[in-house]
Structures are given as structure tokens and as C-alpha cells.
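# Structural features, examined
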Amino acid sequence: MKLPPEQQAIRDRCFHPSGMFVEFPKPEIEHSIPERFEKIARMNPNRVAIKTKNLLLTYAELNRAANQIACAIVAQCGEQKEPVAVSLEHGADVIIVILALWKAGKTYVPLDPALPHARNKAILDATQARLIVTHARHRDYIGKIQKNLRVINIDNPAGTFSAENLGTSIAPDNPAYILFTSGSTGQPKGVLQNHRNLLNQIKRETNGLHICADDRLILVRSCSAIGGVRIVLSALLNGAAVYPLDMAQAGHAELAEVLAREEITIYDSTPTTFRHFTPGLAHEQRFPHLRLIRLSSEPVHKQDVDLYKKHFPRGCIFANSLGLTETAGTIRHNLIDHDTKVMSDTVPVGYAVEGME
């Protein structure tokens, strides 16, 4: 689809200042997520992959950690394709485990510990997962949901496992995850996506927003939803760094500190999070390294654009995106800059992304 001139002009400026962007080639969607990740890890072994308040992992270290967990998973349930549940808090561990599951050829099924028991039990019943990866402190909680689950405790996975790549053959149509819709319109529905669909989404993200190895992405979205998975893959399949921050614990002041201290270049959240975060900013806080603010999952209003123009530099671009769990992420977006005039209270969602109508 040909964009209007004003949209194309903004998109043409949506680059990291380093000019490091490398196009995500279409043939790579016919592989698997581990193949792409392991290629990126070989190319960038010493680059930062994940950084939290208390942990820093390079690509080489992240790859080794995921390989060891993947070996533990295969030791428990073999190499057959099957769903595996994950119950972990927001942070580095859940990213390591998701990669491990894909390396082992399994399907990621998130069980958010913050959700009610009944919802998590319904997810287990629907997916028929026989194994769960979690922390020791969650064992009692897991026992209340399901009695007969096998458990891998990542605090102590019981055994010494290889840190080498498994070399498992994973077809592009292998299931990658089952994520459940919110249930706001009725019973939550499980949505299954395969490796090809996710890689195709990350290709559109990479090429549309020019994500590169020099980018730094904040992760405030949960990895139990498509938004969180999208951010993680947009970073780790391009050699960029992802910075998980648990907003329930950190608060909005710490979010501002991390954006500034870590020189974050891409901010991605719901409009609600953005609205709670920005009013507390001092007027002089303008985050000079931030090149893209992206809001999705809820309607965006003129007040959100006004907050963006007040607190963020002119070089930073604002993206209003629409995506659904059922479509594996973003399907349309509208790019805005400081010169864009928003004429109505609700901001239009804009134009279809590459390959979508």
C-alpha cells in the first residue's frame, strides 16, 4: 500500500541515528525463531541482549542460558511437539525460558501468576500442557491449579545440561505459542501462532520501524500478551537490547530514570501506561535518545499526542498502532511527529502495515 506523502516523510526519518539498520529479508520467515536468534547471537556475542536492575546478559550468555533450560525441558518430556506452560514474573527469566521452549521445539503457554487461579486453570485445561516451568516459590500456587503437572524449577533445574545449541529441526509451521485473549467480550480464546507468522510480524516491525542492533527497547508489557512477545523478538532478532521493567514494582518515576539512564531508543506501551507515566515528568525531561514512542491495545486520544509533544524531543516519532492477538500483532499504524495536527479527540489508527490490508 502506498502511504500518503506526509506519512512516508515521517517513516523516512524513522531510523536510529547510527544508520546501522539491516533489512530483515523475506526468505528468513521460512526458518524458525531459534535459527534467526542463533544467527544473531553468533554475529553479536558480546552485545547486550538483556539488562535489568540486577542482571546483564550478552547474546552469548543468553544463548547458553536458554540452551541449558532447553536441554532440561527435552530431558523431561522428549523432543515431540507439545505445549509447555510457563509461570514466571516479568523479567529476564521469562525471556530465557521462552527462547528455551522454542529451541526445544515446544509451544509457549504463559500462566501469569498475577491472574486468578480460575483463568490459569482454564488455560491449562484448554491447552493440555503436561509440564510447567516456574520458580520454586510458585509450587504451592501451581499445585492449587493442577495436581498432575510435571515441574521444572529454573532455580535448580536438577542436572547439568549442555550450553551448546541443540540443533533441533524446527519447521516454520511449528506452533510457537498459544496466547489467550482478554475475554473482555466473553470467554477468553486461545490463539495459536507458528514460527513463520511470528517471523513475518518481526520482519514487518524491523523493516517498517527500522529496528537495528543499536536500538534499546524498554519492556513494560507482559510476555503473556502479544505486545510483550513482539517487543522481545523485535530486539533479540535484530541484535538490539531489551530492558525488562516490572511496572507493578518499579513505578513511573523509575521508568523515567531507566529511559534516561539506559538511553532507551524505543518506548512501547498501552496508552493507559503512557498517561500515568508522563504527567509526573519535569518539563525539562525530554529523553534525547528516544527515537520512537509506540502506543497500542487501546484507543489513543489527542491528549496523548499533546503529552508526547510536551515531553519528548522533536526527533522522536509517535506511532499509534492497532493489533490483535488473533492477527499476531500489529496490522495498522499511524505515524505522528511534532508538526502533525490532530483534529479530533480520537487519533486515527492510520494505514495498513506491509503485507496487510
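Residues numbered from 1 in each chain as written. Predicted model: local features only at pLDDT ≥ 70, side-chain atom pairs only at ≥ 80, totals over all residues. Heavy atoms only, no water.

Of the regular secondary structure elements, the protein chain holds 12 helices and 15 strands. Taken over the C-alpha trace, the protein chain has a radius of gyration of 20 Å; the compact-globule value for 357 residues is 21 Å, and the two agree within 12%. In terms of principal-axis extent, the alpha carbons of the protein chain reach across some 55 × 40 × 40 Å. Expressed as a percentage of the 357 residues in the protein chain, the buried residues total 54%. Across the protein chain, the fraction of contacts at a sequence separation of at least 24, relative to all contacts at a separation of at least 6, is 71%. If you sum the accessible surface of the protein chain, you get close to 15600 Å²; carbon and sulfur atoms cover 51% of it. Taken as two groups, the 40 positive and 37 negative side-chain charges of the protein chain have centres that lie 2 Å from each other. (Helix = DSSP H or I, 4+ residues; strand = E, 2+ residues; numbered from the N terminus. Rg over C-alpha atoms; globule rule 2.2 N^0.38 Å. Buried < 20%, exposed > 50% of the residue type's maximum accessible area, 1.4 Å probe, protein only. Contact = heavy atoms within 4.5 Å. Areas by Shrake-Rupley, 256 points an atom, 1.4 Å probe, with all protein chains shown as cover. Lys, Arg positive; Asp, Glu negative; His and termini not counted. Charge placed at Lys NZ, Arg CZ, Asp CG, Glu CD.)

With that settled, the discussion passes to the environment of I331. Within the fold, I331 resides in strand β14 (residues 329-336). Judged by its relative accessible area of 15%, I331 falls in the buried class.

At Q128, a residue that is not glycine, the phi angle is positive and equals roughly 60°. Topologically, Q128 is positioned in the loop between α5 (117-127) and β5 (131-134). If you check the backbone angles, S297 has positive phi at about 85° while not being a glycine. Tracing the backbone shows S297 in the loop between β12 (292-295) and α12 (302-311). According to the relative accessible area criterion, S297 is exposed, its value standing at 54%.

Right, let's get into the packing of aromatic side chains. In the structure shown here, the tally under the stated rule is 9 aromatic pairs. Ring centres of F15 and F21 lie 6.0 Å apart, and the angle between their planes is 80°; this geometry places the pair in the edge-to-face category. F15 sits in the partly exposed class, given a relative accessible area of 36%. In this structure F21 comes out as partly exposed when scored by relative accessible area, which is 23%. Three or more aromatic residues joined by ring pairs make a cluster, and in this case those are Y267, F274, F277, F287, Y308, F312 and F318. Against the face of F24 rests R36, its NZ or CZ located 3.9 Å from the ring centre. (Phe/Tyr/Trp six-rings, centres within 6.5 Å; stacked < 30°, edge-to-face > 60°. Lys NZ or Arg CZ within 6 Å of the ring centre and 35° of its normal.)

Running from N to C, helix α3 (residues 59-77) and helix α4 (residues 92-103) cross one another at 60°; their axes reach a closest spacing of 8 Å. Here α3 lies oblique to α4, going by the angle between them. Along this stretch, α3 crosses α4, giving a crossing that reads as right-handed. Counted together, L62, N63, A65, A66, N67, I69, A70 and I73 of α3 and I96, V97, L99, A100, L101 and K103 of α4 form the full contact between these two elements. Of the residues contributing to the contact of α3 with α4, the split by class is 11 nonpolar, 2 polar and 1 charged. (Axes fitted to C-alpha atoms, helices over the stretch in contact; angles between N-to-C directions. Parallel < 35°, antiparallel > 145°, perpendicular 65-115°, else oblique. Left-handed = near helix turned anticlockwise from the far one by under 90°. Nonpolar A, V, L, I, M, F, W, Y, C, P; charged D, E, K, R; others polar.)

I33, P34, R36, F37, E38, I40 and A41 are the residues of helix α2 (residues 33-43) that are buried. For α2, the elements touching its buried residues are α3, α4, β7 (175-180), α7 (195-209) and α8 (226-236).

So, about the environment of S32. Relative to the helices and strands, S32 is located in the loop between α1 (5-12) and α2. Note: C-alpha distance between S32 and G315 (283 residues apart in sequence) is 35 Å. Look past the residues within four positions of S32 in its chain and what remains in contact with it is I170, H195 and L199.

Here we take up the nonpolar core. Core analysis: the biggest nonpolar cluster contains 65 residues, and L62, I73, W102, Y108 and L236 have the highest contact counts within it. With 10 residues, α4 is the single largest residue contributor to this core. Those residues in contact with I73, other than ones at most four positions away along the chain, are G78, A100, L101, A104, K106, L131, V133 and I152. (Core = buried A, V, L, I, M, F, W, Y, C linked by side-chain atoms within 4.5 Å.)

In strand β10 (residues 241-244), alternate side chains face the same way, and those of A241 and Y243 on one face and V242 and P244 on the other are all buried. Of the strand pairs in this sheet, strand β9 (residues 216-219) and β10 are connected by 4 bridges, and their pairing is parallel. Across the sheet, L219 pairs through a bridge with P244, a residue of β10. Taken together, β9, α8 and β10 constitute a β-α-β crossover, and its handedness is right-handed. (Pairing = 2+ DSSP bridges. Right-handed = clockwise from strand over helix to strand, strands pointing away.)

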